[in-house]
Amino acid sequence: MTALAARADHRSPEEAARRRRVRLTLGALALLCVLFVVAYLLYDVRGSWAYAMDLRGRQVGSLVVVGVAAGASSLVFQTVAGSRILTPGVMGFDALYLLVQTSIVFVFGSTTFMMLGTGERFLVNAGVLTLFGIVLFRWLFRSSSHNLLVLVLVGVVLGSLFASLTSFASRLLDPNEFLTLQDVMFASFSTVALDLLVVTAVVTVVALVALVPLLRYLDVVDLGRDNAVALGVRYHRVVTLTLAVVTVLVATSTALVGPMLFLGLIVANLARQLLPTHRHTDLVLGSCLVGVLCTVAGQFVVGHLMDQGTTLSVVVNLVGGIYFILLLMRTVRL
Amino acid sequence: MISVQGLTHRYDRTVVLDEVGLTIPVGRLTSIIGPNGAGKSTLLSVVSRLLRPERGQVVVGGLDVATAADDVIARTLAVLRQDNRIAARLSVVDLVRFGRFPYSKGRLRQEDHDKVEEAIAYLELEEYRDRYLDQLSGGQRQRAYIAMVLAQDTDYVLLDEPLNNLDMKHSAAMMTMLRRAVDDLGKTIVLVLHDINFASSFSDHIVAMRDGRVLHQGTPQDIMERQVLREVFDMDIHIQDLHGMRLGIFWTPGAPVGPAPVMSPTSLTT
């Protein structure tokens, strides 16, 4: 009797099968991640092994951090925003990061800025971004409540506003200051500084640890604000804490590879499609793994196979942009 | 008992609740009726602390909803709003398990699982237990939501238009089920209803609202009066007694229609 079996361990065979499928998918994703990381490190090494491993290790390390940060932040942001189309990238978060960085150089001058180490510089940026980010997004979610298209539009407008302000501020800078800023802003990931990598990795881990206790509340937040409040969740608190974690994660990924508008969007939606579950422990883990897979495999193809013919962010934005338009069209029709 | 005092709320400048004072009896089924924009849903939202009013106090079962801890209220009072569009991939049983969140914080114990299965059985959803919500009909989905609310196992249950999306058969079944929950389980249930005849046939107590005020309240006998309904709905409704139930005949073209509605300055359009 299926009914009796369900009573005994609270799970019907169908539920158990779904659970198994989630586990298997997560396992397969993890395996693929490891495979691609190893392949990235070992593919066609010529010359000094020590040099290759050092360089590639740093590259793959930053790709993993970016993948994890983008995956986790986008997935929980979707939940908090109550929409599968809104991700930090779409809402102009990473553009804000660049603006914050430029403003700091603009106000304090590049000498002060460069006197800080890479790590400290990042922490200052991330701190300011988190502050602004929370204020901005609290205001945004409150004022134009739940009209998806308005939010998307606001995000796009804000994104280009931040980008224009950034270029405006950098135009006002002394050419020398501008050069140093450009070095910092577009830290090409092929030459990632070790200290920046270490700081961002540590910050990402801390942010993820902070996210863990929020996950089961996010399961409920996914039911919408009213249902979450009705079930006794301190909605405002959970949303604010989650947004804080999101801003920190966006800061880490932007600091390492610059803005990748649609990476999070692809990754989070792919994870949701692959995993037939509503539980955020599984979803966030899956999203991190898909993120790592996208960045590492993507860079493997772009860097090794296509011989740097293009850059990862171009590919991600091309694929992601198309995907975004498809998602938007599907949602609007509904 | 639910007691409401001096409740006032505005959206922008429009007054939606105007000094509402009200007592809802315990262990009874109470229906709130009234025209669109009367403030019914707003009242329900405020009572269930989904909306913070400008002024006024709400006490449910001895708890002041503005100050009591969120999870304590969630174990006393359950509420379901009208529009529930959930994007998450949930099966019926997943959804119903959320009803236990105020108790388990997501880690269900034996007792929680029992309540979940009980609620599913109570709404006759066993067959659909493992279906995803988007694979259900509107009526089945509505029952799944109600099952979640019942699994929350609260003394007070507030439902905003629970008959929305339900056909006649399922509407009648839903009302019968809610009636049973009051009679068998001793729950206090408050509904916002549009159909005065469902309100009349199944409720113990009816609250009639208009323009953000409670105009009348009382038993179905008291409220289902031509005079009262004219005041509330601006319609001349013929009342018919049928086996002790009072029904309002408002849908026949033969029933005389009252004078054109006079819009008072505070009346609302939505």
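In what follows, the structure referred to is the one given above.
Description of the structure in this document.

**Overview of the overall build of chain A**
Secondary structure summary: chain A contains 14 helices and zero strands in total. Each helix and strand of chain A, placed in order from N terminus to C terminus, yields the pattern α-α-α-α-α-α-α-α-α-α-α-α-α-α. For chain A, with 334 residues in total, the buried portion stands at 44%. In chain A, once contacts between residues fewer than 6 apart in sequence are set aside, the share between residues at least 24 apart is 80%.

**Describing the overall build of chain B**
Assigned secondary structure in chain B consists of 10 helices and 12 strands. If one aligns the C-alpha atoms of chain B with their principal axes, the spans along those axes are about 60 × 40 × 35 Å. Every one of the 270 residues in chain B was classed for burial, and the buried ones make up 43%. Here the contacts in chain B between residues at least 6 apart in sequence split such that 63% fall between residues at least 24 apart.

**As for unusual backbone geometry**
All names here are of chain B. Of note in this structure, aspartate 153 is not a glycine but carries a positive phi near 55°. Examined against the element boundaries, aspartate 153 turns out to sit in the loop between helix 6 (138-151) and strand 7 (156-160). On the neighbour-count criterion, aspartate 153 (20 C-beta atoms within 10 Å) is buried. Notably, aspartate 211 is not glycine yet its phi reads approximately 50°, a positive angle. Turning to its location among the elements, aspartate 211 is positioned in the loop between strand 9 (205-210) and strand 10 (213-218).

**What to know about the sheet that holds strand 6 (residues 77-80) of chain B**
All names here are of chain B. Across the sheet, six strands lie side by side as 6-7-8-3-9-10; this open sheet has mixed pairing. Strands at the two margins of the open sheet, each flanked by one partner only, are strand 6 and strand 10. The mean angle between the axes of side-by-side strands here comes to 15°, regardless of whether they run parallel or antiparallel. Examined bridge by bridge, strand 3 (residues 29-33) and strand 9 share four bridges and lie parallel to one another. Bridge assignment links isoleucine 32 to a residue of strand 9, and that residue is valine 207.

**So, the pairing of strand 6 of chain B**
All names here are of chain B. Going residue by residue along strand 6, you find Leu77 and Val79 tucked away on one face and Ala78 and Leu80 tucked away on the opposite face as well. Of the strand pairs in this sheet, strand 6 and strand 7 are connected by four bridges, and their pairing is parallel. What sits directly across from alanine 78, in strand 7, is valine 157.

**Section: the packing of helix 8 (residues 194-211) of chain A against helix 11 (residues 235-257) of chain A**
Residues and elements named next belong to chain A. Packing of helix 8 against helix 11 leaves a shortest axis separation of 9 Å and a crossing angle of 160°. Comparing their axes, helix 11 and helix 8 come out roughly antiparallel. At the point where helix 8 passes helix 11, the crossing takes the left-handed sense. Between helix 8, through Leu196, Thr200, Val203, Thr204, Ala207, Ala210 and Leu211, and helix 11, the contact on the second element is made entirely by Val245, Val248, Leu249, Thr252, Ala255 and Leu256. Looking at side-chain class alone, the contact of helix 8 with helix 11 contains 10 nonpolar, three polar and no charged residues.

**Quick word on the nonpolar core**
Within the largest apolar cluster, 164 residues are counted, with the highest numbers of intra-cluster contacts made by Val296 of chain A together with Val96 and Ala147 of chain B. A per-element tally of this core places helix 3 (residues 49-81) of chain A first, with 14 residues. Ignoring sequence-local partners within four residues, the contact set of valine 296 of chain A consists of Cys33, Phe36, Val37, Tyr40, Val60, Leu63, Val64 and Gly67 of chain A.

**Focus on the pairing of strand 12 (residues 245-249) of chain B**
Residue and element names in this part refer to chain B. Bridge count for strand 11 (residues 238-242) against strand 12 is five bridges, and the pairing is antiparallel. Within strand 12, the residue paired with leucine 242 across the bridge is methionine 245. Where strand 11 hands over to strand 12, the hairpin turn is made up of two residues, of which histidine 243 adopts a positive phi near 45°.

**Concerning the sheet that holds strand 1 (residues 2-11) of chain B**
All names here are of chain B. Read across the open sheet, the four strands follow the order 2-1-4-5; overall the sheet is antiparallel. The sheet terminates laterally at strand 2 (14-24) and strand 5 (63-64), the two strands that pair on one side only. Both strand 1 and strand 2 contribute to a ladder of seven bridges, which runs antiparallel. Following the sheet pairing, valine 4 is matched in strand 2 by leucine 22.

**A word on the interface of chain B and chain A**
Listed as interface residues are 26 residues of chain B and, on the opposing side, 23 residues of chain A. Among the secondary structure elements, those contributing two or more residues to the side of chain B that touches chain A are helix 2 (70-74), strand 6, helix 3 (92-98), helix 4 (101-104) and helix 5 (110-122) of chain B. Ranked by residues supplied to the side of chain B that touches chain A, first place goes to helix 2 of chain B with four residues. When the residues that make up the side of chain B that touches chain A are grouped by side-chain class, the tally is 12 nonpolar, four polar and 10 charged.

Analysis parameters
- Residues numbered from 1 in each chain as written.
- Chains lettered and ligands numbered in written order.
- Predicted model: local features only at pLDDT ≥ 70, side-chain atom pairs only at ≥ 80, totals over all residues.
- Helix = DSSP H or I, 4+ residues; strand = E, 2+ residues; numbered from the N terminus.
- Buried ≥ 20, exposed ≤ 12 C-beta atoms within 10 Å, placed from the backbone.
- Contact = placed C-beta atoms within 7 Å.
- Pairing = 2+ DSSP bridges.
- Axes fitted to C-alpha atoms, helices over the stretch in contact; angles between N-to-C directions.
- Parallel < 35°, antiparallel > 145°, perpendicular 65-115°, else oblique.
- Left-handed = near helix turned anticlockwise from the far one by under 90°.
- Nonpolar A, V, L, I, M, F, W, Y, C, P; charged D, E, K, R; others polar.
- Core = buried A, V, L, I, M, F, W, Y, C linked by C-beta atoms within 7 Å.

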